[in-house]
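# A closer look at the structure
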Amino acid sequence: MKVAFFTGHRKIHTRVKPQFTEMIREAYVSGVDHFITGMAVGTDMLAAKILTDFGFSWTAALPCPPEQQCALWHSWEQKQYWKLLHSASEIVLVSPEYSEKCFHLRNLWMAKESELCLAIYDGSPKGGTANTIRLCKKREIPAVILDPNSLKVTRSPIQVQLSLKLDINISL
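Small disclaimer: the values here were computed from a predicted structure and weren't measured. (Residues numbered from 1 in each chain as written. Predicted model: local features only at pLDDT ≥ 70, side-chain atom pairs only at ≥ 80, totals over all residues. Heavy atoms only, no water.)

### Description of the sheet that holds strand β7 (residues 153-155)
- Read from one edge of the open sheet, 7 strands run β4-β3-β2-β1-β5-β6-β7, paired in mixed fashion. The open sheet has two edge strands, β4 (90-93) and β7, and neither has a second partner. For this sheet, the mean angle separating the axes of adjacent strands, direction not counted, is 20 degrees.
- Summarising the sheet, strand β2 (residues 34-37) and strand β3 (residues 58-62) pair through 3 bridges and their orientation is parallel. Bridging from a neighbouring strand, Thr37 pairs with Ala60 of β3.
- Set on the sheet, helix α1 (residues 17-29) makes contact with β1 (3-8), β2, β5 (116-120), β6 (143-146) and β7; between it and β5 the angle comes to about 175 degrees. (Pairing = 2+ DSSP bridges. Helix = DSSP H or I, 4+ residues; strand = E, 2+ residues; numbered from the N terminus. Axes fitted to C-alpha atoms, helices over the stretch in contact; angles between N-to-C directions. Contact = heavy atoms within 4.5 Å.)

Rendered as structure tokens:
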């Protein structure tokens, strides 16, 4: 099984959806057969919606019990969260209760379980998404990154190297 996980900003514009959908479709076509999302507002829930619409296999990796994760969200976000959570192929509870570290622990778990990262990331140096992108670089996990401002998709140097090796192997 080849697994990809998601990271990204909580506040994203709806204009990213077509490119993000295509990133997910391309990952699936290239062999990813299972996805992991952390179920945060924004990127994670958009990913869960797209995965559900495609009928792809996916895991909801919860940083803490669901009632705690969505407690401070708007009611419409909570409603969407519960609906998507019921669509997950699997639910993994990373921490038994909310703590300052539970989101970081969830991100570590997702990276450990995955071979690819799909991100919506604007390049800002601070925050959970930036930390997760750095984690991917440290662990040499390839990343495909959609910039939500320019809508440009880039691949980490590791991803490019893997693609080049794959092309070489195919042409032999």
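### So, the confidence of the model for the chain
- Per-residue confidence for the chain gives a mean pLDDT of 91; residues scoring 70 or more make up 91%.
- Across residues 159-172 the pLDDT falls below 50, and counting only partners more than four positions away or on other chains, this stretch makes 6 contacts in the model. (pLDDT = per-residue confidence, 0-100.)

### Observations regarding the pattern of salt bridges
- The full count for this structure, using the stated rule, is 4 salt bridges.
- Between Arg25 and Glu22 there is a salt bridge, and its shortest N-O distance comes to 2.5 Å. Of this pair, Arg25 and Glu22 both sit in helix α1, 3 residues apart, which is roughly one turn of that helix.
- Looking at Arg25, the relative accessible area reads 35%, which means it is partly exposed. (Salt bridge = Lys/Arg side-chain N within 4 Å of Asp/Glu carboxyl O. Buried < 20%, exposed > 50% of the residue type's maximum accessible area, 1.4 Å probe, protein only.)

### Description of the packing of helix α2 (residues 43-54) against helix α4 (residues 75-85)
- Relative orientation of the contacting elements α2 and α4 amounts to 45 degrees, with a least axis distance of 10 Å. Of the possible angle classes, the one that applies to α2 and α4 is oblique. Considering how the two elements wind past one another, α2 and α4 form a crossing that is left-handed. Residue-level inspection shows Met45, Ala48, Lys49 and Thr52 of α2 in contact with α4, the latter providing Glu77, Gln80, Tyr81 and Leu84.
- Of the residues contributing to the contact of α2 with α4, the split by class is 4 nonpolar, 2 polar and 2 charged. (Parallel < 35°, antiparallel > 145°, perpendicular 65-115°, else oblique. Left-handed = near helix turned anticlockwise from the far one by under 90°. Nonpolar A, V, L, I, M, F, W, Y, C, P; charged D, E, K, R; others polar.)

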